[in-house]
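Each chain, letter by letter, is given below.
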Amino acid sequence: MLEHLELENVGPAPEMALDLQRRLNLITGDNGLGKSFLLDVAWWALTRKWPRDLNPRLTSGYPARPTDIARPAKLRFALTTDAGNSRSFESTYSARDQGWTGQPGRPWSPGLVIHAHADGGFSVWDPARNYWKRRGNIDVQDRLPGYVFSPQEVWTGLTAEIEGRATRVCNGLLDDWSSWIRERGDSARRMSEVVGALAVRGEPWEVGPLLRLSVDDAQDIPSIRTDYSGAVPIVHASSAVRRIAGLAYMLVWAWSEHERAAEQLGLRIAGQVVLLFDEIDAHLHPRWQRTIVPAILGVMDRLTDSDASVQLIAATHSPLVLASVEPHFDEERDRLFHLDFRDGRVRLDVMPWAPQGDALNWLVSDFFGLRQARSVEAERAIDAAQAYMRGDTLQCPEDLREPERIHEELQRVLAGHDPFWPRWVVWTEREGGGQ
Ligand SMILES: Nc1ncnc2c1ncn2[C@@H]1O[C@H](COP(=O)(O)OP(=O)(O)O)[C@@H](O)[C@H]1O
Ligand SMILES: [Mg+2]
């Protein structure tokens, strides 16, 4: 697992440091403050590769560039290796080599690492298939350095160059899943279980039959059966369903192939899985945002038969994701981080755990920083009303300095049952405003 990450003169802040917890780490913060970038740096710390270097078709995951090339730039990290040892390393940017310094020899194996990118692409680093080989007594690094999938390649397969030859290294969701269904073996069972476990609780959602899109098209397409639409070919399904299907496939593919490779090579199965997940709520309806994090933690436990420890590091913009972890949050194993732009610079804070009760309260907490969960216009009218009640008319916008105008605006922008009404009405009656 990743224990510590530190950046100096790299990324949106002059420096940033985070101590991660061993199970769940959630990162919140405004757009552009570095959540995705931190996840890419985390992936690099664990695997020593930048996703984009391994697959030029990616539109994210570029190598980190120093902010000020004239000053030293550093990336420090500490991790627990799959063998259970604590290790730390400091890498500096070498402007001459246009890259980050590495350590000589075999890097440490962090276990299985899976990175879900925000756009639906994935990166997988497998300690059995991507680690160095031993040839005689010598360590050689001639295995594939990692599997990096563009969103398209998750579905249609990945070809990579191995020893100078283009080699199909993954068949992709469409081919693999339909073969699994035809074989009716362990992989099909696993995929159904994972798909089922990631579904919104209480809602029927299961794997349907193989379908054809047209008489001319020979490709069998897996389908998903829901309550309301029968069996839908997975390529026709919503973005949310495809996001979850892609995730289920990548988890099953990565774990099954890891198990198979470890067996063939006579290696131990990974004791650790690190799951990096960008925008974990992307495309999901609130019902799904509310169940996705607990579901993923549960699924990983099942996939690995609880034999591996699973660390999830995820970025989110969803107050419902935070509300959803309240019953599960354990300060010994979980932590919340928040990226903030304060006093002229980006800062990364560890946020003390304080349950907020519901998504609305999370929205107005420091994590999301909204003062109100209402429309911009309603917030403005309420701000004006409050300033007026305090006698602070100068704080009111020019068009909202008269009680009549404020009242009209409140009527225009607030719902009839808005909880602000009683305060305003009682106040205006008491003050004899007579509204
Ligand atoms: N490869 C990189 N090297 C250096 N800085 C980067 C790199 N990629 C992104 N950044 C920094 O991160 C910022 C974008 O942050 P990002 O992670 O996309 O934000 P978020 O995911 O929180 O919306 C950029 O403004 C830049 O400062
Ligand atoms: Mg992002």
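Structure's up top.
Nothing here was measured: the structure is a model prediction, and the numbers come from that model. Counting starts from 1 at the beginning of each chain's written sequence and moves along it residue by residue. The order in which chains are written sets their letters, starting at A; the order in which ligands are written sets their numbers, starting at 1. Under the rules for a predicted model, residues below a pLDDT of 70 receive no local features and side-chain atom pairs below 80 are neither given nor counted, while totals for whole chains, interfaces and linings still include all residues. Remark: hydrogens and water are excluded; side-chain values derive from all non-hydrogen atoms of the structure.

Structural notes on the overall build of the protein chain
Okay, so step 1: When helices and strands are tallied, the protein chain shows 13 helices and 20 strands.
Okay, so step 2: Its C-alpha atoms put the protein chain at 90 × 60 × 40 Å along the principal axes.
Okay, so step 3: The buried share of the protein chain, taken over its 435 residues, is 52%.
Okay, so step 4: Here, residues are in contact when the closest pair of their heavy atoms is within 4.5 Å. Of all intrachain contacts in the protein chain linking residues separated by at least 6 positions in sequence, the fraction that spans at least 24 positions is 60%.
Okay, so step 5: For every accessible area listed, the method is Shrake-Rupley and the probe measures 1.4 Å; residues are considered covered only by the protein chains on display. Summing over all exposed atoms, the protein chain offers an accessible surface of approximately 20800 Å²; the carbon and sulfur share of this is 47%.
Okay, so step 6: Separation between the mean location of the 49 positive side-chain charges and that of the 62 negative ones in the protein chain comes to 5 Å. Put simply, DSSP H or I for four residues or longer makes a helix, DSSP E for two residues or longer makes a strand, and each gets a number counted from the N terminus. Working definition: with a 1.4 Å probe on protein chains only, accessible area under 20% of the residue-type maximum means buried, over 50% means exposed, and in between means partly exposed. Positive charges are assigned to Lys and Arg, negative charges to Asp and Glu, while His and the chain termini are left out of the count. Where a charge sits is defined by one atom per residue type, namely NZ (Lys), CZ (Arg), CG (Asp) or CD (Glu).

Some words on the sheet that holds strand 15 (residues 223-226)
Okay, so step 1: Only strands joined by at least two bridges in the DSSP assignment are considered to pair. Taken in spatial order, the three strands line up as 14-15-16 in an open sheet, and their pairing is antiparallel. If you trace the sheet from one side to the other, it starts and ends with strand 14 (205-207) and strand 16 (230-233), each paired once. Ignoring strand direction, the axes of neighbouring strands in this sheet form an average angle of 30 degrees.
Okay, so step 2: Direction of pairing for strand 15 relative to strand 16: antiparallel, over a ladder of four bridges. Among the inter-strand pairings, Ser-223 is bridged to a residue of strand 16, identified as Pro-233. With axes taken as lines fitted to C-alpha atoms, and helix axes fitted only over the stretch in contact, angles between N-to-C directions fall between 0 and 180 degrees.

As for the site of ligand 1
Okay, so step 1: Consider each residue's heavy atoms; a residue with any of them within 4 Å of a molecule or strand counts as near. As a matter of local geometry, ligand 1 sits amid 14 residues, with Gly-32, Lys-35, Ser-36, Phe-37 and Arg-65 nearest to it.
Okay, so step 2: Contacts described as polar in this section are N or O atom pairs within 3.5 Å, which, within protein, must combine one atom able to donate a hydrogen with one able to accept it, while residues neighboring in sequence count only if both atoms come from side chains. The contact in question runs from an oxygen atom of ligand 1 to an N or O atom on the backbone of Gly-34, over 3.1 Å.
Okay, so step 3: In this structure, Pro-63 approaches ligand 1 through a main-chain N or O atom, which is 2.9 Å from a nitrogen atom.
Okay, so step 4: A total of 570 Å² of accessible area belongs to ligand 1 in isolation, and the protein chains cover 67% of it.
Okay, so step 5: Gly counts as polar in this scheme, as do all residues outside two lists: the nonpolar Ala, Val, Leu, Ile, Met, Phe, Trp, Tyr, Cys and Pro, and the charged Asp, Glu, Lys and Arg. Each residue belonging to the shell around ligand 1 can be placed in one class, and the counts come to six nonpolar, five polar and three charged.

So far we have only geometry, and geometry alone does not tell us how the molecule works.
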